[in-house]
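Now for the letters of each chain:
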Number of protein chains: 2
Amino acid sequence: MTKIIAIANQKGGVGKTTTAVNLASYLAYFGQETLLIDMDPQANTTSGFGIDKSSLKRSSYDVIINNSKIEDAIMPSGVDWLDIIPANRDLIGAEVELVNTISRETRLKKAFRNCPGNYRFILIDCPPSLGLLTLNSLTLANSVLIPIQAEFYPLEGLTELMNTVNLIREDLNPVLEIEGVLLTMYDTRLTLSSQVIKEIGKYFSDRVYQTIVPRNVRLAEAPSFGKPVIFYAPESKGAKAYQNLAREVLKGNGIELKEGPVGEKPKYPLAVQKETKKDLTITGK
Amino acid sequence: MTKIIAIANQKGGVGKTTTAVNLASYLAYFGQETLLIDMDPQANTTSGFGIDKSSLKRSSYDVIINNSKIEDAIMPSGVDWLDIIPANRDLIGAEVELVNTISRETRLKKAFRNCPGNYRFILIDCPPSLGLLTLNSLTLANSVLIPIQAEFYPLEGLTELMNTVNLIREDLNPVLEIEGVLLTMYDTRLTLSSQVIKEIGKYFSDRVYQTIVPRNVRLAEAPSFGKPVIFYAPESKGAKAYQNLAREVLKGNGIELKEGPVGEKPKYPLAVQKETKKDLTITGK
């Protein structure tokens, strides 16, 4: 059985992409065949794996707009057990192109009727809006994982996100569940944080993950090397947090981990472990 | 002469709203009559001034969609010399409603043909996308101020933002300038930051503000009190940074500050200086 989890929050900068990249990597690390779909026009998940966005043959845009076959859009992530459907800037136009399309909220779901492979988990990195790309993702998904920063502005947006989830349940996907709420970028210096955490706990109760992702230098640096943190700094606090999150997600889905690779160094020889640092270059006319 | 500055970056969480709220407040503090337009459906700028979004008579949605008069949508911000056109969740639908509208990128510009008052500065807080609300803002504006976090993912988006600015120049607004690039949420613990700053400096050269906004607890806490930081913690590093930014913006626009209130405590008795802490409450069915 495949579990499809949308990682969504219309507030930007709350850690959706960092969570998508690193949770997917650790699920794969624990031996779960996983597919990660980049549905964000910013395509940061795609570049987080060091994939060159400008030379993609197929992308998530082709799947949702051009009826491309899923298998043609899937490519290796460089991490064993983890595949990816990458995105590029074509996806910017998709939101507008979808507006006048028949059944515009269910196109992704239809595309996945014939999903190849035998994935145990499919994760979807949603864009920071409640537009049609997010609605398509929530319509396809079994559940939604909400990363949220423990600050005031992000908290404000949760009401709206929950209203959207409820609308989707009424009309498009009655079985959509809350997979969990993940507190990210936790900064112990912020006195506000504990109050926000209390309020989130009151609303979501046991749906809040015990794992809290700290603000962590290594997590921020890893994408500039085109690597998930598991290969950039597996001993960092950020890496440990996502490893713990993966364990919680597995447990929540009834998967017991046997004695295994916990605490060990990643054992896979991986294409992504190249040492060349990506250029930090801004282009544009 | 009114200077209209759009605060834009399609990456979320880079400090657009914090910059809009606090730069506008300090421009007003330095005696410049200022109008702040909230064009982000998340309406965080509106709540940053403690304005109740659920009880607005008119909002930026009415201006761009319903042809409401500007003067009917303007309300006091609670800060002397600063007015605001607030937003609420109506604006979520505007992006889609605009798709099939005639001259859909120029509606905001047309609405402002008859702008009341005598504003020296109009600031626009754009949403985190390059959709029609941002295009309308960039078409109305004289210049764009780009807040950017000194990390890898935000830097990736700058190329795309600059491509959009160039398209707008070609088609809709040939005089659109770069007002400046503002480095935000600077964390000295991040070794990546200095490399990002170097790359940004290479591309934008003297358009990068000397002021760098640090990651600051007080800046993050202020909105939960419905206050700009000038009234919440005027002595904090975050407040000083935005005061310095306002001075740079004024200088860049040929406005010399005489001996004045710099370093003094704010002298205005302000409606916004209420001491009641806002409830941190998530609602939703």
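The present account deals with the structure reproduced in this document. (Residues numbered from 1 in each chain as written. Chains lettered and ligands numbered in written order. Predicted model: local features only at pLDDT ≥ 70, side-chain atom pairs only at ≥ 80, totals over all residues. Heavy atoms only, no water.)

What follows is about unusual backbone geometry. One non-glycine residue, Ala43 of chain B, lies in the positive phi region at around 55°. Here Ala43 of chain B is to be found in the loop between β2 (34-38) and α2 (44-48). (Helix = DSSP H or I, 4+ residues; strand = E, 2+ residues; numbered from the N terminus.)

Right, let's talk about the relation of the copies chain A and chain B for a bit. For these two chains of identical sequence, chain A goes onto chain B by a turn of 180° and a shift of 0.0 Å along the axis, with RMSD 0.0 Å. Taken together, the rotation and translation describe the operation of a two-fold axis. Comparing interface residues between copies, 100% of those in chain A also sit at the interface in chain B, which points to an isologous, same-surface contact. (Least-squares fit on C-alpha atoms with pLDDT ≥ 70 in both. Contact = heavy atoms within 4.5 Å.)

Turning our attention to the interface of chain A and chain B. Taken together, the 55 residues of chain A in the interface contact 56 residues of chain B. When chain A packs against chain B, the two sides together hide about 5,200 Å² of surface, and 55% of this comes from carbon and sulfur. For the interface between chain A and chain B, the tally reads 2 salt bridges. The closest approach of N and O atoms between Lys53 of chain B and Glu156 of chain A, which form a salt bridge, is 3.3 Å. The tally of links from chain A across to chain B stands at 9 residue pairs in polar contact (both at pLDDT 80 or more). If you list the elements that add at least two residues to the side of chain A that touches chain B, you get α1 (16-29), α2 (44-48), α5 (91-99), α8 (152-171), α9 (191-204) and α10 (217-221) of chain A. (Buried area = accessible area lost by both parts, 1.4 Å probe. Salt bridge = Lys/Arg side-chain N within 4 Å of Asp/Glu carboxyl O. Polar contact = N/O pair within 3.5 Å; in protein donor to acceptor, adjacent residues only side chain to side chain.)

Membership of the largest hydrophobic core comes to 144 residues, with the highest contact counts inside it found for Phe112 and Ile200 of chain A together with Phe112, Ile200 and Val249 of chain B. Judged by nonpolar contacts, the second largest core, of 40 residues, contains Ile5, Phe231 and Ala239 of chain A together with Phe152 of chain B. (Core = buried A, V, L, I, M, F, W, Y, C linked by side-chain atoms within 4.5 Å. Buried < 20%, exposed > 50% of the residue type's maximum accessible area, 1.4 Å probe, protein only.)

The next subject is helix α12 (residues 237-252) of chain A. With 16 residues, α12 of chain A extends 22 Å from end C-alpha to end C-alpha; this agrees with the ideal 22 Å at 1.5 Å per step. Backbone geometry just downstream of α12 of chain A places Gly254 of chain A in the positive-phi region, at approximately 70°. (Expected span 1.5 Å × (residues − 1).)

Residue and element names in this part refer to chain B. This model, assessed by the stated rule, comprises 12 salt bridges over all chains. The shortest N-O distance in the salt bridge between Arg104 and Glu105 comes to 4.0 Å. Residue class for Arg104 comes out partly exposed when judged on its relative accessible area of 26%. The shortest N-O distance in the salt bridge between Lys202 and Glu199 comes to 3.1 Å. With a gap of 3 residues between them, Lys202 and Glu199 both fall in helix α9 (residues 191-204), about one helical turn apart.

Remember, this is a structural readout, not a statement about activity or role.
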